[in-house]
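# A closer look at the structure
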Amino acid sequence: MEAKSSYSDTSGHPVIQNDFNHAPVTSVLADGDVPYADHHMDADERVITALGYKQEFKREFSLWTTFCVSFAVLGLLPSFASTLYYGMGYAGTAGMVWGWIIAMIFIQCVAMAMAELCSAMPTSGGLYYAAAVLAPPGYGPFAAWITGWSNWIGQITAAPSVDYALSAMILAAVSITRPSYVPTNWQTFLLTTLIMIIHAGISSMPTKRVAQFNSCGSTFNMLALVATLIAIPAATKNKPRFTPAHEVWSHIDNQTDFPDGVAVLMTFVGVIWTMSGYDSPFHLSEECSNANIASPRAIVMTSAVGGLMGWFLQLVVAYTVLDIKSVIDSDLGQPWASYLLQVMPQRAALGILGLTIICGFSMGQGCMVAASRVTYAYARDDCFPLSRLWKHVNPHTATPVNAVVLNAVLGILMCLLILAGDVAIGALFSIGAIAQFVAFAIPISIRVFFVGDRFRRGPWHLGPFGPYIGGLGVVFVALMVPILCLPSVTRGDLTPDLMNWTCLVYGAPMLAVSVWWVVDARRWFTGPKVNVEHAIYSGHEETVISEGVEPDENHEVGASMSGKSPDVLSK
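Here is a short report on the structure shown in this document. (Residues numbered from 1 in each chain as written. Predicted model: local features only at pLDDT ≥ 70, side-chain atom pairs only at ≥ 80, totals over all residues. Heavy atoms only, no water.)

Moving on to empty space enclosed by the protein. Evaluation of the coordinates by the stated rule reveals four cavities of 30 Å³ or more. Estimates place the volume of the largest cavity at around 140 Å³. Along the wall of the largest cavity there are 14 residues; nearest its centre are Val73, Ala158, Ser276, Cys367 and Gln436. When the residues that make up the lining of the largest cavity are grouped by side-chain class, the tally is six nonpolar, seven polar and one charged. In this model, the second largest cavity occupies a volume close to 100 Å³. Lining of the second largest cavity is provided by Phe80, Thr83, Leu84, Gly87, Gly95, Met96, Gly99, Trp100, Thr267, Gly270, Val271 and Gln314. Looking at the lining of the second largest cavity, the elements with two or more residues in it are helix H4 (84-120) and helix H11 (268-274). Looking at the lining of the second largest cavity, the element that brings in the most residues is H4, giving six residues. Residues that form the lining of the second largest cavity fall into these classes: five nonpolar, seven polar and no charged. (1 Å grid on protein atoms, 1.4 Å probe; cavity = no way out; pocket = protein on both sides within 12 Å on 5 of 7 lines; lining within 4 Å. Points joined across faces, edges and corners; volume = space filled by probe spheres on them. Nonpolar A, V, L, I, M, F, W, Y, C, P; charged D, E, K, R; others polar. Helix = DSSP H or I, 4+ residues; strand = E, 2+ residues; numbered from the N terminus.)

By the secondary structure assignment, Asp279 is in the loop between H11 and helix H12 (280-283). Engagement of the side chain of Asp279 in a polar contact is seen with the side chain of Gln155, the distance being 3.0 Å. Those residues within four positions of Asp279 in sequence are excluded, and the remaining contacts are Met114, Asn151, Gln155, Gln436 and Phe440. (Polar contact = N/O pair within 3.5 Å; in protein donor to acceptor, adjacent residues only side chain to side chain. Contact = heavy atoms within 4.5 Å.)

Okay, the pattern of salt bridges next. Per the counting criterion, the structure on display carries five salt bridges. Of the charged contacts, one joins Glu286 and Arg380 as a salt bridge, the two residues approaching to 2.9 Å between their closest N and O atoms. In this pair, Glu286 is assigned in the loop between H12 and helix H13 (291-320) and Arg380 in helix H16 (residues 346-380), connecting sequence segments 94 residues apart. The residues Glu286 and Arg380 share a single accessibility class, namely buried. Two residues, Arg373 and Glu287, come together in a salt bridge whose shortest N-O distance is 2.9 Å. Pair noted here: Arg373 is in helix H16 and Glu287 is in the loop between H12 and H13, with a separation of 86 residues, a long-range link. Per residue, the accessibility class of Arg373 equals that of Glu287, and both read buried. (Salt bridge = Lys/Arg side-chain N within 4 Å of Asp/Glu carboxyl O. Buried < 20%, exposed > 50% of the residue type's maximum accessible area, 1.4 Å probe, protein only.)

Here we take up the packing of aromatic side chains. If you walk through the whole model with that rule in mind, you get 31 aromatic pairs. With a centroid separation of 5.1 Å and 80 degrees between ring planes, the pair formed by Trp98 and Trp249 is classed as edge-to-face. Of this pair, Trp98 sits in helix H4 while Trp249 sits in helix H9 (residues 245-250), and the two are 151 residues apart along the sequence. The exposure class assigned to Trp98 is partly exposed, which follows from its relative accessible area of 41%. Taking 6.3 Å as the distance between ring centres and 90 degrees as the angle between the ring planes, the aromatic pair formed by Trp524 and Phe525 counts as edge-to-face. Residue Trp524 is classed as partly exposed on the basis of its relative accessible area of 34%. Joined through ring pairs, the aromatic side chains of Tyr128, Phe142, Trp145, Trp149, Trp152, Tyr378, Phe384, Trp516, Trp517, Trp524 and Phe525 make up one cluster. (Phe/Tyr/Trp six-rings, centres within 6.5 Å; stacked < 30°, edge-to-face > 60°.)

Where helix H15 (residues 335-343) contacts H16, the two axes come as close as 8 Å, and the packing angle between them is 150 degrees. Relative to H16, H15 is oriented roughly antiparallel. Crossing handedness for the pair H15 and H16: right-handed. Together, Trp336, Ala337, Leu340 and Leu341 of H15 and Gln346, Ala349, Ile352, Leu353 and Thr356 of H16 make up the contact between the two elements. Split into classes, the residues belonging to the contact of H15 with H16 amount to seven nonpolar, two polar and no charged. (Axes fitted to C-alpha atoms, helices over the stretch in contact; angles between N-to-C directions. Parallel < 35°, antiparallel > 145°, perpendicular 65-115°, else oblique. Left-handed = near helix turned anticlockwise from the far one by under 90°.)

Interhelical geometry of helix H2 (residues 63-74) versus H13 gives an angle of 40 degrees and a closest axis separation of 9 Å. Relative to H13, the element H2 lies oblique. Crossing hand, H2 versus H13: right-handed. Side by side, H2 and H13 meet where Leu63, Thr66, Phe67, Ser70, Phe71 and Leu74 of the first sit next to Ala294, Arg297, Ala298, Met301, Thr302, Val305 and Gly306 of the second. Partitioned by chemical class, the residues of the contact of H2 with H13 number eight nonpolar, four polar and one charged.

The following block contains the structure:
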């Protein structure tokens, strides 16, 4: 139940006081700082206002449509197809099946810890906002700065990497039907650019249309994944149909210069990149109804469903692949297409490849939507040069069209790496994995190790297990960051063409923004900027009692942004 009381401001105008103290959030606003309200607010608007932001988007995403966007961003089938090289090429079938299980246990820990943060702080800024609020006093702006830039780098590389892989699959399909055709790098780049432009156009539509498109795309993703899981074992031309189980589970075909255990860990790059879309509900929370419950549920659903279905796909491929080396080294330049041709008749292989291409298109569009909301949220807090342009919300579509255009232009520029060869463009996949993981880990580690009682959980939470689950996720990230930077070969075999350039391509911009912070940004960047009218209430003046306030499952006592009793506001 909402409680409110009316009073007059210093100009004598009546102000409606909504019950912000009863909103279950951990806010950037200081204790006792309560926003003004001049109109009646529903529960979602009270929550976002208590966090210090105006309600600027229409809340036309539900739990299902939010899950659909994140599942589309996850894009299990196209993601698996895009990163098959890492899982299969580093450690063979044993690396695929065991690597996915081990990685998913810890990725689920990260996802659940993130969902707990989302319930307490459902904003488009997501992890960046959480890092700013939870960091020890004096370190909030720096924590937000590093988290925000790392997350943004991961977000803006997602759509280009997906669309590049999609273009490679489309051209591989052409090569299968026309064996004399060999795609050039320029053709791949131009096709990728066209797809990026189409995705930008769709992502600029009104929220309702974007939600409908992603709902259809995600539904197709699920159906295509199920069809693939059934069709490959049913239509395989292998004699015998399946590889014996003891070979699948125990044979580590180590194609690296590292020990078997490290080779298995290196296969995690495919799992991490594939499973990186579960943070999308966090960034869409300002467009979701019942956000502090629906958004965290969508995060956990995406990770759990994606992890389970992805493992089934790993098993199908591991039990049916015949010759891993020929799949990896095929002239088609796309391991998924090579695998399908190896185990299925050409017509069936083209059918599955066609399903994968459609799913990849939906995935790339979901990545573009999520990234544009992150760009908007950070521009709203003046993180970027010309932020006033990128934080503009189009009055006709009620979506951040300028942010979409910026991301599309940057993505097309990054795709110029295609012209430098497979190793250069392949760095986008590793960057996306490491950048997102670092951004995920910073606010979770602060919540686990430094926050004390400053974290006030929302209606969706992990109870007393929260710090332990989050701690496991942080330890996993700390282990994986250096692993993601390892090349597959060492010493004399290491050449520029075989080097893993992730440490440079990710490390260079992060070093640049760190230097920027020391030299200049620390003087003006203060973290999330409140854009609602608000005032610090002092305890020695008139007290206003909010009547009729009763705690329920969605609004816990003690979870208010001000830290006061939910029954008393001071004026």
